[in-house]
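# Coordinate inspection notes
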Amino acid sequence: MVRAYIGLGSNLDDPRQQVERALDELAELPESHLSGRSRLYRSDPVGPPQPDYINAVAQLDTELEPLALLDALQALEQQHQRVRREHWGPRTLDLDLLLYADRQIQHPRLTVPHPELERRNFVLYPLADISPELTLPSGTPLASLLEACSPRGLEPLSPAEPPPSEF
């Protein structure tokens, strides 16, 4: 099994419920185990004017290969009636494959680590909830990215839970 991290976001049709339901659905993916989840955050939108987002990050241990995992994530987005109208526009559910083990992937359908990961507080802070000691495939510690990324416009919606213990 490899460890993958999935970014979740929604700002349409009861965003909190969309993200909570998607977390439950990630736990049901074949050949996968949801091994951690961040708390939920409210974040300012990026892109055109639109409602605020609810964001989280999931830690998934999986046997699925990267493109198979991407297909499964996109199928979940479709189950939530995701419509792609404009770049960075509003959505019922957005699932991004942020990290896949320590791999760096350049494929026409998938770039890992996610190209915006290092600049997005709504990804970095939830990621730190579940994996504070994480080091990116580039060798950059998550802690150093957090130091350079302001939490401005980001609001935790629940207390932090301890990271999952490793057995």
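What comes next concerns the included structure. Keep in mind that what you see is a predicted model, and the values were worked out from it rather than measured.

## Some words on the layout of surface pockets
Put simply, the second largest pocket is a space of about 160 Å³. Lining the second largest pocket are 13 residues, with Asp44, Val46, Asn121, Phe122 and Arg152 sitting closest to its centre. For the lining of the second largest pocket, the residue count by class is 4 nonpolar, 4 polar and 5 charged.

## A closer look at helix α2 (residues 66-79)
Between its terminal C-alpha atoms α2 stretches 20 Å, which fits the 20 Å expected from 14 residues at 1.5 Å a residue. All buried positions along α2 are accounted for by Pro66, Leu69, Leu70, Ala72, Leu73, Leu76 and Glu77. Summarising the axial view, the buried residues of α2 lie within an arc of 160°, below the 170-degree limit, and thus occupy one face. Along its buried surface, α2 packs onto β1 (2-10), α1 (15-26), β4 (53-62), β5 (94-100), β6 (105-107) and β7 (110-112). Phi for Gln81, located one or two positions after α2, is positive at around 60°.

## Overview of helix α3 (residues 121-130)
Where burial is concerned, most of α3 is hidden: 9 out of the 10 residues are buried. Of all the positions in α3, only Asn121, Phe122, Val123, Leu124, Pro126, Leu127, Ala128, Asp129 and Ile130 are classed as buried.

## Here's the deal with the pattern of salt bridges
Any two side chains of opposite charge can pair, given that their charged atoms come close. For the structure shown, the criterion picks out 12 salt bridges. The partner of Asp52 in a salt bridge is Arg42, and the shortest N-O contact between them spans 3.1 Å. A residue pair is termed long-range when its members are at least 10 positions apart, and Asp52 in the loop between β3 (41-43) and β4 and Arg42 in strand β3 qualify at 10 residues. A residue is classified by how much of its surface remains accessible, and Asp52, at 35% relative accessible area, is partly exposed. Arg109 is the partner of Asp71 in a salt bridge, and the nearest nitrogen-oxygen pair spans 2.5 Å.

## Observations concerning the side chain of Asp94
Along the chain, Asp94 turns up in strand β5. By relative accessible area, which is 14% here, Asp94 ends up buried. Engagement of the side chain of Asp94 in a polar contact is seen with the side chain of Arg91, the distance being 3.0 Å.

## Focus on the packing of α1 against α2
Axis separation between α1 and α2 bottoms out at 11 Å; the angle between their running directions is 140°. Taken together, the axes of α1 and α2 are oblique relative to one another. Between α1 and α2 lies a crossing of right-handed hand. Counting all contacts with α1, which are made through Arg21, Glu25 and Leu26, the residues of α2 involved are Leu73, Leu76 and Gln79. Here the contact of α1 with α2 is composed, by residue class, of 3 nonpolar, 1 polar and 2 charged.

Thresholds applied
Residues numbered from 1 in each chain as written. Predicted model: local features only at pLDDT ≥ 70, side-chain atom pairs only at ≥ 80, totals over all residues. Heavy atoms only, no water. 1 Å grid on protein atoms, 1.4 Å probe; cavity = no way out; pocket = protein on both sides within 12 Å on 5 of 7 lines; lining within 4 Å. Points joined across faces, edges and corners; volume = space filled by probe spheres on them. Nonpolar A, V, L, I, M, F, W, Y, C, P; charged D, E, K, R; others polar. Helix = DSSP H or I, 4+ residues; strand = E, 2+ residues; numbered from the N terminus. Expected span 1.5 Å × (residues − 1). Buried < 20%, exposed > 50% of the residue type's maximum accessible area, 1.4 Å probe, protein only. Arc of directions from axis to C-beta. Contact = heavy atoms within 4.5 Å. Salt bridge = Lys/Arg side-chain N within 4 Å of Asp/Glu carboxyl O. Polar contact = N/O pair within 3.5 Å; in protein donor to acceptor, adjacent residues only side chain to side chain. Axes fitted to C-alpha atoms, helices over the stretch in contact; angles between N-to-C directions. Parallel < 35°, antiparallel > 145°, perpendicular 65-115°, else oblique. Left-handed = near helix turned anticlockwise from the far one by under 90°.

Read these as geometric descriptors, not functional statements.
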